[in-house]
Amino acid sequence: MSFPWAKDYQPQNPLMRFLDEKLPLPRLVYNAVGAGYPVPRNLSYFWNFGVLAGFFLVLQIVTGVVLAMHYAPNTLVAFGSVEHIMRDVNWGWLMRYTHANGASFFFIVIYIHIFRGFFYASYKPPREMIWLLGVVIFLLMMATAFMGYVLPWGQMSFWGAQVITGLFEAIPLVGPGLKTWLLGGFAPDNAALNRFFSLHYLLPFVIAGAVILHIWALHIPGSSNPTGVEVKQESDTVPFHPYYTAKDGFGLGVALIIFFAFVFFMPNMLGHPDNYIEANPLSTPAHIVPEWYFYPFYAILRAFTFDFILPAKLWGVLAMFSAILVWFFLPWLDKSPVRSGHYRPLFRKFFWFGLIPCMAVLFYCGGAPAEEPYVMISQIATAYYFLHFLVILPIVSSIERPDPLPFSITEAVLGSDDNAVLGDKAQATA
Amino acid sequence: MATTTGNAEVADVTGEDGVRRRDFIEIAAVSAAGVGALATLVPLVTQMAPSADVLAESTTELDISALDVGQSIKAVFRKQPVFVRRLTPAEITAANDVDVDSLRDPQTLAERTLPGHEELLVVMGVCTHLGCVPLGAAEGENKGEFGGYFCPCHGSHYDTAARIRKGPAPKNLQVPEYSISDTTLVIG
């Protein structure tokens with residue numbers, strides 16, 4: 001499960017020795033995030049975002065459990081109980097703003113984590129299972145975030161629930177029945193609010209379980225690294241502790257400064273003012289949009305405005321789900337023998353000048369009103385999005401001639417391996 | 001003394017077809033448990049369907065005696081808005097002048113109303129695109145390019161018979177089941 005040179009856990013304290021015999025939990029920690037886990041020495045700050053995502057998951061669970069102590073999932077009082085949290089509960093405003101912005105920051109770090117995976121082709125063998133589990137975690141996060149946004153029972157909560165559950169209506173035959181079953185009624189109401197609360201409380205723990213599998217699968221081959229060259233020797237690695245506990249700790253400090261700048265100084269910037277109006281089933285807000293982190297997928301949903309064999313609405317729904325499901329196939333769509341984008345000149349160009357601008361455009365269009373020119377721009381960006389993963393990536397990775405790779409991580413960091421080991425003496429003997 | 005292990009040899013006796021008694025017992029036991037486990041899914045799944053009190057609210061009665069020509073009522077049916085409108089002669093003419101075959105969801109006004117009550121149009125106020133409430137039922141609201149209803153979310157235009165004419169919605173505004181007795185409209 002680890003490299004042969006990984007340090008063995010040897011407890012000195014008699015109590016720890018006792019524990020190691022009966023329940024080797026400290027050993028598990030030592031081998032997972034301690035000195036017993038060798039990690040490539042050249043990880044950049046892009047490798048910080050997994051730890052950050054884990055931190056935000058814990059933050060969401062802690063603040064969420066606190067909020068659930070004061071919130072009431074009933075359509076009569078839900079909106080009021082959120083205001084009660086904001087005004088009356090001690091530190092309630094801090095808990096709620098931390099939870100609301102925590103969701104946004106969870107998605108920010110997850111998006112960076114995913115796009116790190118795209119650029120460095122982290123999904124390639126032997127790490128396919130880590131990638132697949134990661135996509136599952138992302139889907140669970142989307143479901144959890146959507147249901148959480150419904151709970152305050154504001155206008156955006158209600159109409160978001162209406163629109164998203166309305167998507168299932170597009171499914172032929174079973175659609176309308178499925179929607180009624182999901183909502184427990186004919187429109188979002190008390191039954192829907194209650195079950196969303198129940199599931200919103202459950203799913204984070206399912207996510208935590210999936211995260212454990214994700215990390216378990218990661219610790220079999222170990223982390224990838226910016227060169228994409230696998231670890232060959234002890235000099236390619238450093239122990240996780242203290243090297244990456246320190247580096248991740250610094251990154252976490254920077255992330256927290258930015259995060260709390262939002263929580264304290266612009267807590268509502270990432271939200272929508274309409275959600276401070278209580279849900280009204282008889283009045284639709286003029287401009288329904290989801291939370292910002294769903295914009296790209298919402299843009300893809302709305303890009304389909306024409307019936308072609310299937311109704312436009314069904315195309316939109318299929319495309320939106322496919323936009324994420326296509327990630328499952330990445331390990332097999334990318335045929336390059338080389339992982340890292342640093343050594344793949346053509347792949348790199350399509351990443352920076354294709355995929356990234358495409359996602360930026362989809363982000364923008366998802367938040368824009370559904371009118372021209374945004375609809376047409378969304379359509380072009382959606383077409384490129386699928387083209388990128390299904391056509392460009394397989395072709396580019398097949399025909400491209402990658403740049404020469406360094407022999408090892410050590411060589412990439414320090415020059416030739418002889419230099420690395422012998423220092424100045426290497427010159428003399430050469 | 002009774003022997004407690006006396007049956008062990010009997011259990012291993014294999015029948016003529018090569019099946020042991022133990023095989024039968026194992027398959028039967030696991031099958032029974034499996035059927036039981038599947039049966040528990042029925043309440044677990046159906047508990048999510050609309051409950052009795054939600055279903056009990058699925059009829060709405062309206063007094064339409066005071067509804068004049070050109071007026072609308074916004075009511076609630078199954079927690080969703082429903083529009084009841086007494087069409088003006090001009091609106092009926094406009095609806096009947098359309099070539100039905102040219103429509104996305106071809107229906108005549110007569111097909112969307114009750115016989116003898118062609119002037120009374122009852123439709124769900126739920127856009128068939130993504131479920132927003134269209135405008136046009138209240139005085140002064142935008143009625144769209146075809147004088148019926150207009151959905152502000154993604155710009156679907158419905159005509160005076162609430163049929164989809166322009167925009168992303170796939171269907172006409174849904175006509176719920178309803179009946180009229182004297183001055184009372186019963187929806188559901």
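All values reported here derive from a predicted model rather than from experimental measurement.

A word on the packing of helix H4 (residues 78-87) of chain A against helix H5 (residues 92-119) of chain A. One way to put it is that H4 of chain A packs onto H5 of chain A with a least axis distance of 5 Å and a crossing angle of 115 degrees. Residues Val-82, Ile-85 and Met-86 of chain A of H4 of chain A lie in contact with H5 of chain A, whose contacting residues are Gly-92, Trp-93, Arg-96 and Tyr-97 of chain A.

Residues and elements named next belong to chain A. Applying the stated rule across the entire model yields five cavities of 30 Å³ or more. Taken as a whole, the largest cavity holds about 140 Å³ of empty space. Forming the boundary of the largest cavity are 16 residues, of which Phe-146, Gly-160, Ile-164, Pro-290 and Glu-291 lie nearest the centre. Mapped by element, the contributors of at least two residues to the lining of the largest cavity are helix H6 (128-150) and helix H7 (155-168). For the lining of the largest cavity, the class distribution of residues is 13 nonpolar, two polar and one charged. Estimates place the volume of the second largest cavity at around 60 Å³. Elements that contribute at least two residues to the lining of the second largest cavity include exactly helix H14 (345-367) and helix H15 (374-399). Looking at the lining of the second largest cavity residue by residue, the class counts come to eight nonpolar, one polar and no charged.

Moving on to the sheet that holds strand S3 (residues 80-86) of chain B. Note on sheets: strands pair through backbone hydrogen bonds, and any given pair is parallel or antiparallel. All names here are of chain B. What the three strands build is an open sheet, ordered S2-S3-S4; its pairing is antiparallel. Bordering the open sheet on either side are strand S2 (72-77) and strand S4 (120-124), each of which pairs with just one other strand. Across the sheet, the mean angle from the axis of one strand to that of its neighbour is 20 degrees, orientation sign disregarded. Strand direction decides the pairing type here: S3 and S4, joined by five bridges, are antiparallel. Bridge assignment links Arg-86 to a residue of S4, and that residue is Leu-120.

Relative to the helices and strands, Tyr-298 of chain A resides in helix H11 (residues 295-302). Residues Tyr-298 of chain A and Gly-366 of chain A lie 68 residues apart in sequence; the distance between their C-alpha atoms is 5.3 Å. Those residues in contact with Tyr-298 of chain A that lie beyond four places of it in its chain are Val-163, Ile-288, Val-289, Pro-290 and Gly-366 of chain A together with His-154 of chain B.

What counts and how
- Residues numbered from 1 in each chain as written.
- Chains lettered and ligands numbered in written order.
- Predicted model: local features only at pLDDT ≥ 70, side-chain atom pairs only at ≥ 80, totals over all residues.
- Heavy atoms only, no water.
- Axes fitted to C-alpha atoms, helices over the stretch in contact; angles between N-to-C directions.
- Helix = DSSP H or I, 4+ residues; strand = E, 2+ residues; numbered from the N terminus.
- Contact = heavy atoms within 4.5 Å.
- 1 Å grid on protein atoms, 1.4 Å probe; cavity = no way out; pocket = protein on both sides within 12 Å on 5 of 7 lines; lining within 4 Å.
- Points joined across faces, edges and corners; volume = space filled by probe spheres on them.
- Nonpolar A, V, L, I, M, F, W, Y, C, P; charged D, E, K, R; others polar.
- Pairing = 2+ DSSP bridges.

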